[in-house]
Amino acid sequence: MAKWIPGAAVFGLLCLMIIPAPGIWGVLIGAACVLAIVGSLFMLFLDRTASALLAWRERARQPSRQPRRGRVVHAGPGLTRKV
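All values reported here derive from a predicted model rather than from experimental measurement. Residue indices begin from 1 for each chain and proceed along its sequence in written order. Where local features are concerned, this predicted model is filtered to residues with pLDDT of at least 70; where side-chain atom pairs are given and counted, the filter is 80 or more; whole-chain, interface and lining totals use all residues. Hydrogen atoms and water are omitted, and side-chain values are computed over all heavy atoms in the structure.

1. With respect to the overall build of the chain
Labels follow the DSSP assignment, with helices taken as runs of H or I lasting at least four residues and strands as runs of E lasting at least two, numbered in each case from the N terminus. For the chain, the count of helices and strands is two helices and two strands. Going from N to C terminus, the chain has its helices and strands arranged as α-α-β-β. A 1.4 Å probe rolled over the protein chains alone gives each residue an accessible area, and that area as a share of the maximum for its type sets the label: buried under 20%, exposed over 50%, partly exposed in between. Residue burial in the chain is summarised as follows: out of 83 residues, 11% are buried. Every residue pair with non-hydrogen atoms within 4.5 Å of one another is taken to be in contact. Expressed as a percentage of contacts within the chain between residues at least 6 apart in sequence, the contacts between residues at least 24 apart total 40%. Note on areas: these come from Shrake-Rupley sampling with a 1.4 Å probe, and a residue is covered only by the protein chains present in the view. Carbon and sulfur atoms provide 69% of the accessible area of the chain, an area that totals close to 7700 Å².

Now the structure itself:
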């Protein structure tokens, strides 16, 4: 869904609160706005869930990295340190 749809739906609901539409038209407009907002939130939830699943699957496919061993560097007479 386009990013402007939830904003337009919220604007529509605010307009209905300020200038109420008569009878069934107000109910239909309000229901359409609420459905647009709920639908957008549901699509956002599905998008984020799918992205997280794909990222998890991609991480699971990569071979695990073997731990690197630190190099031993000479730091003076009789002393060594790991880098």
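2. Examining helix α2 (residues 23-61)
For α2, spanning 39 residues, the distance from its first C-alpha to its last is 57 Å, which sits close to the expected 57 Å at 1.5 Å a residue. Turning to α2, its buried residues number three or more, namely Gly26, Gly30, Cys33, Ala36 and Ser40. Buried residues along α2 sit in contact with α1 (4-18). Given the number of residues in a helix, its expected span is that number minus one, multiplied by 1.5 Å.

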